[in-house]
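Structural features, examined
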Amino acid sequence: MNSYIALLMAAVAAFFVTWILGYPLIPWLKKLKFGQTILDIGPKWHKHKQGIPTMGGMMFAAGILAAIAVTLATDKAMGGEIAVSGSGPTVPTELSSKLYSGLLMAAAFGILGFADDYVKVVKKRNKGLSITQKSIGQILIMGAYLTSLYMSMGRNPYTYIPFAGNVELGWFFWIFGAVVIYGTVNAVNFTDGIDGLCSSVTVTAALALVVIAVMRGMFGVGVLASAVAGGCAGFLMWNRNPAKVFMGDVGALFLGGMVVAVAFALNCPIIILFVGIVYVIEFMSDIIQIGYFKLTHGKRVFRMAPIHHHFEMGGWKEKKIVRVFTFVNLIGCAAGIMAVYLSK
């Protein structure tokens, strides 16, 4: 199969599967009373969203995984090897391992998110799983994924850094990998706070990763990123303001896992700092808020964190926040693409 057709096929399939799944899934979630709970510590102006179905992330998780499976299977049936196409030092077996272990890792994070959502909406525990339970789950997933990466690279882990080339990491690989995975997955989760924000930002991040994958000749990785872009676009048909469904932790953690999977498959996880600049800003705003609050015994930097709530409290409408944040992420995406291009 032509590589560019495969990219288009993955995006279109993920879009339509996700969009169509909304028709049976949203009424089903309503029937089960799997509605969003707005916490008392959350924004008071979100109270009208109480009861809107959550766990909608199952739609794009299914759509993305189905699109990837169909695209790769179709390419294989036509005699192609898109899953292991690449450039640089990456050998086919290494790339194949990174692709499939990345998908398993994203699915595992999605399952962890599902458990958290399930506890919230079924067990009526507003905060879901405990911090200890979430942490143990994330550590186990990270450990398994990093071990897979370590073994696939022949126990000689490295990463690609624009303008520096491939850099061997040695033992630092484990710390670096854990920070990237933990930070990205939770940052994507923080970005899921208003209608359409996380989906819109992730569409831009995924499209940038498609471009970078093509630039590096890694069309198999591009298929993953293209499916993410299509799935998020399909979800926006239901999640844009006013949202008819929320993605929940099952969706946010799955998306975070997919972004990580693509970045590591590209051998360039640091690129997330560019293509996911809004994720970084959201995550850091929360850390800054908590740290400053504790150091000053009650003072705040932002009106509310993560930072999209700060702008809400300043009078910005949700649609304006989504437009501005998506534009900011587009700038980061352009910077990331340019950095990879100029460092070739």
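First things first, this report covers the structure right here in the doc. This structure is a prediction, so every number in the text was calculated from the model and none was measured. (Residues numbered from 1 in each chain as written. Predicted model: local features only at pLDDT ≥ 70, side-chain atom pairs only at ≥ 80, totals over all residues. Heavy atoms only, no water.)

1. Section: the overall build of the chain
As a reminder, the rule being used: Runs of E in the DSSP output that reach at least two residues are strands. Runs of H or I that reach at least four are helices, and both are numbered from the N terminus. As a reference, a globule follows 2.2 Å times the number of residues to the power 0.38, and the radius of gyration itself is taken over C-alpha atoms. The buried label applies to any residue whose accessible area, calculated with a 1.4 Å probe on protein chains only, is under 20% of its type's maximum; exposed applies above 50%, and partly exposed to all values in between. Between two residues, a contact is recorded if the distance between any of their heavy atoms is within 4.5 Å. Every accessible area reported is derived by Shrake-Rupley at a probe size of 1.4 Å, with residue values counting cover from the shown protein chains alone.
On a plain count of helices and strands, the chain comes out with twelve helices and two strands. Reading the chain from its N end, one meets helices and strands in the order α-α-α-α-β-β-α-α-α-α-α-α-α-α. Computed over its C-alpha atoms, the radius of gyration of the chain comes to 19 Å, within 12% of the 20 Å expected for a compact globule of 344 residues. Counting only C-alpha atoms, the chain reaches 55 × 50 × 35 Å along its principal axes. Split into buried and exposed, the 344 residues of the chain put 53% on the buried side. Here the analysis covers contacts within the chain between residues at least 6 apart in sequence; of these, 75% occur between residues at least 24 apart. Within the structure as shown, the chain displays about 15100 Å² of accessible surface, and the carbon and sulfur contribution to it stands at 70%.

2. Points about the packing of helix 7 (residues 219-239) against helix 8 (residues 248-265)
So the rule is basically this: Fitted lines through C-alpha atoms serve as axes, helices being fitted only where they are in contact, and the angles separating the N-to-C directions of these axes extend from 0 to 180 degrees. Roughly parallel here means an angle under 35 degrees, roughly antiparallel means over 145, roughly perpendicular means 65 to 115, and every remaining angle is called oblique. Put simply, a crossing is left-handed when the front helix is turned counterclockwise from the back one by less than a right angle, and right-handed when it is turned clockwise. Each residue is assigned to one class: nonpolar for Ala, Val, Leu, Ile, Met, Phe, Trp, Tyr, Cys and Pro, charged for Asp, Glu, Lys and Arg, and polar for all the others, Gly among them.
At a minimum axis separation of 9 Å, helix 7 and helix 8 run at an interaxial angle of 155°. Between helix 7 and helix 8, the interaxial angle falls into the category roughly antiparallel. The handedness of the crossing between helix 7 and helix 8 comes out as left-handed. Across the interface between the two elements, Val221, Leu224, Ala225, Val228 and Cys232 from helix 7 touch Leu255, Met258, Val262 and Ala265 from helix 8. Residues that form the contact of helix 7 with helix 8 fall into these classes: nine nonpolar, no polar and no charged.

3. Focus on the packing of aromatic side chains
Put simply, the rule reads: Any pair of Phe, Tyr and Trp rings, taking the six-membered ring for Trp, is counted once the centres come within 6.5 Å. Such a pair is stacked with planes under 30 degrees apart, edge-to-face with planes over 60 apart, and tilted for the rest. A ring is scored as having a charge over it whenever the NZ atom of a lysine or the CZ atom of an arginine sits within 6 Å of its centre and within 35 degrees of its normal.
For the structure shown, the criterion picks out 18 aromatic pairs. Summarising the aromatic geometry, the rings of Phe15 and Trp19 are spaced 5.9 Å apart at their centres and angled 50° between planes, so their arrangement reads as tilted. Here the residue Phe15 and the residue Trp19 both occupy positions in helix 1 (residues 3-31), the gap between them amounting to four residues, near one helical turn. According to the relative accessible area criterion, Trp19 is partly exposed, its value standing at 25%. An aromatic cluster is present here, built from Phe15, Phe16, Trp19, Tyr23 and Trp238 joined pairwise through their rings. Here Lys320 stacks its cationic end above the ring of Trp316, 4.3 Å away from the centre of that ring.

4. Some words on the pairing of strand 1 (residues 158-161)
Rules: If DSSP finds at least two bridges between two strands, the strands pair.
Sheet topology note: the strand 1/strand 2 (residues 165-168) ladder contains four bridges and is antiparallel. Counted as the bridge partner of Tyr158 is Glu168 from strand 2. As consecutive antiparallel partners, strand 1 and strand 2 are separated by three residues, and within that stretch Phe163 has a phi angle of approximately 75°, a positive value.

5. Quick look at the nonpolar core
Stated formally: By convention a nonpolar core is built from buried Ala, Val, Leu, Ile, Met, Phe, Trp, Tyr and Cys residues, the set being connected through side-chain atoms within 4.5 Å.
Counting 100 residues, the largest nonpolar core has Ile64, Ile181, Val221, Leu255 and Met258 as its most contacted members. Ranked by residues supplied to this core, first place goes to helix 8 with 13 residues. Apart from the residues within four sequence positions on either side, Val221 is in contact with Leu95, Leu99, Ala213, Val262, Ala265 and Leu266.

6. Quick word on helix 8
What counts is decided by this rule: Expected span of a helix: the number of residues minus one, times 1.5 Å.
With 18 residues, helix 8 should cover 26 Å at 1.5 Å per step; its first-to-last C-alpha distance of 26 Å lies within 8% of that length. Burial analysis of helix 8 places 18 of its 18 residues in the buried class, the great majority of the element. Where helix 8 ends, the next residue or the one after it, Asn267, has phi of about 65°, a positive value.

7. Details of the pattern of salt bridges
When the charged atoms of two side chains with opposite charge come close together, those side chains can pair. Keep this limit in mind: Here a salt bridge means any side-chain nitrogen of Lys or Arg lying within 4 Å of a carboxyl oxygen belonging to Asp or Glu.
Scanning the entire structure with this criterion turns up five salt bridges. Linking Lys134 and Asp116 is a salt bridge whose minimum nitrogen-to-oxygen distance equals 3.6 Å. With Lys134 in helix 4 (residues 131-152) and Asp116 in helix 3 (residues 92-121), this pair connects stretches of sequence that are 18 residues apart. By sharing partners, the salt bridges in this structure join Asp116, Lys120, Lys134 and Asp249 into a single network.

8. Looking at the side chain of Ser152
Note the cut-off: Polar contact is the term for a pair of N or O atoms within 3.5 Å; when the atoms are in protein, one must be able to donate a hydrogen and the other to accept it, and sequence-neighboring residues count only if both atoms are side-chain atoms.
Take Ser152: it is sitting in helix 4. With relative accessibility at 17%, the residue Ser152 sits in the buried group. Side-chain polar atoms of Ser152 contact the backbone oxygen of Leu149, separated by 2.8 Å. Those residues in contact with Ser152 that lie beyond four places of it in its chain are Glu94, Ser97 and Lys98.

9. Digging into the side chain of Asp116
What makes Asp116 buried here is its relative accessible area of 2%. Excluding its chain neighbours within four sequence positions, the residues that come into contact with Asp116 are Lys127, Gly128, Leu129, Lys134 and Asp249.

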